[in-house]
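Here are the chains, one letter per residue:
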Amino acid sequence: RRTHISGYTSMNKGSQPTDGRNLLLSVSERSEMIKNNPKTEKWIRRYVGGADLLRNNIRYCLWLKDCPPNELNAMPEILERLKKVSAVRLKSPTESVNKYSKYPKLFTQDRQPETDYLCLSEVSSSERDYIPISYLSSDVICSNTLQIIPNADLYIFGILNSSMHNSWVRTVAGRMKSDIRYTPAVYHNFPFPVEI
């Protein structure tokens, strides 16, 4: 099921870089890059994956989809990283990833919402009573290890935080070892209560 059984906003996974970690930056790498070339700051965005959300880790990524060639060519440190992205993608056995070796500045799967969005980690400890959920702004890039709901209102947030929904999750969700593996199918098949 690709849409919600009760007609609510759909969920999907976040964006996938498939980059050999060359589009991703640590806090220190970001600082160093901006120090060496201040023009790069405009093209660096906060990046959040499942583990980052659960542990409040800070990471960044190069988000270059709207970067014009003249600006890109003025950032040699980024161009060097893009060469490595191309090389990684050419070695992939996946045909669609190979094709993206021609477009190293882009994520291979771009599902970044244009609005603020609700997100939760694809994998979460079964020891938790509630799955951690957060709102992120549209300028924060969500990784493919997050499940996201663009334009989710507080009603959806409340339902996903309910004991009823969390009981559903523990019953129907898949597992990774003993951890809960949350997929869009878990959310799409959950029958929301009728709003009063």
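See the structure above.
It should be emphasised that the depicted structure is a prediction, and the values quoted were computed from it without experimental measurement. (Residues numbered from 1 in each chain as written. Predicted model: local features only at pLDDT ≥ 70, side-chain atom pairs only at ≥ 80, totals over all residues. Heavy atoms only, no water.)

## Notes on the packing of aromatic side chains
Here's step 1: Counted by the stated rule, this structure contains ten aromatic pairs.
Here's step 2: Through successive ring pairs, a cluster of aromatic residues spans Tyr8, Tyr155, Trp168, Tyr187, Phe190 and Phe192. (Phe/Tyr/Trp six-rings, centres within 6.5 Å; stacked < 30°, edge-to-face > 60°.)

## Here we look at helix H4 (residues 76-90)
Here's step 1: Compared with an ideal rise of 1.5 Å per residue, which puts 15 residues at 21 Å, H4 spans 21 Å between its outermost C-alpha atoms and is within 8% of the ideal.
Here's step 2: Restricting attention to buried positions, one finds in H4 the residues Ile78, Arg81, Leu82, Val85, Ser86 and Arg89. The arc enclosing the buried residues of H4, seen along the axis, measures out at 150°, which places them on a common side. In this structure, H4 carries Pro76, Lys83 and Leu90 as exposed residues pointing more than 90 degrees from its buried face.
Here's step 3: Tucked into the core, H4 has its buried residues touching strand E2 (24-25), helix H1 (27-36), strand E4 (59-62), helix H3 (69-72) and helix H5 (95-99). (Helix = DSSP H or I, 4+ residues; strand = E, 2+ residues; numbered from the N terminus. Expected span 1.5 Å × (residues − 1). Buried < 20%, exposed > 50% of the residue type's maximum accessible area, 1.4 Å probe, protein only. Arc of directions from axis to C-beta. Contact = heavy atoms within 4.5 Å.)

## Describing the pattern of salt bridges
Pairing is possible between side chains of opposite charge, provided their charged atoms come close.
Here's step 1: All chains considered together, the criterion is met by eight salt bridges.
Here's step 2: A salt bridge links Arg30 to Glu41; its shortest N-O distance comes to 3.8 Å. Note that Arg30 is positioned in helix H1 and Glu41 in the loop between H1 and strand E3 (44-48), a separation of eleven residues in sequence.
Here's step 3: Taking the relative accessible area as the measure of exposure, Arg30 reaches 22% and is therefore partly exposed.
Here's step 4: Across the salt bridge formed by Arg181 and Glu122, the nearest N and O atoms sit 3.3 Å from each other. Of the two residues, Arg181 is situated in strand E11 (residues 179-181) and Glu122 in the loop between strand E5 (117-121) and strand E6 (123-124); the sequence distance between them amounts to 59 residues.
Here's step 5: With relative accessibility at 31%, the residue Arg181 sits in the partly exposed group. (Salt bridge = Lys/Arg side-chain N within 4 Å of Asp/Glu carboxyl O.)

## Section: unusual backbone geometry
Here's step 1: Despite not being glycine, Thr18 shows a phi value in the positive range, around 40°.
Here's step 2: Topologically, Thr18 is positioned in the loop between strand E1 (12-13) and E2.
Here's step 3: You will see that Asn56, though not glycine, has its phi angle at about 60°, which is positive.
Here's step 4: Here Asn56 lies in the loop between helix H2 (50-55) and E4.
Here's step 5: According to the relative accessible area criterion, Asn56 is exposed, its value standing at 61%.

## Considering the side chain of His188
Here's step 1: Relative to the helices and strands, His188 is located in helix H8 (residues 184-188).
Here's step 2: The exposure class of His188 is buried, given its relative accessible area of 1%.
Here's step 3: In this structure the side chain of His188 is engaged in a polar contact, spanning 3.1 Å, whose partner is the backbone oxygen of Arg1. (Polar contact = N/O pair within 3.5 Å; in protein donor to acceptor, adjacent residues only side chain to side chain.)

Geometric descriptors of this kind do not, in isolation, establish any biological role.
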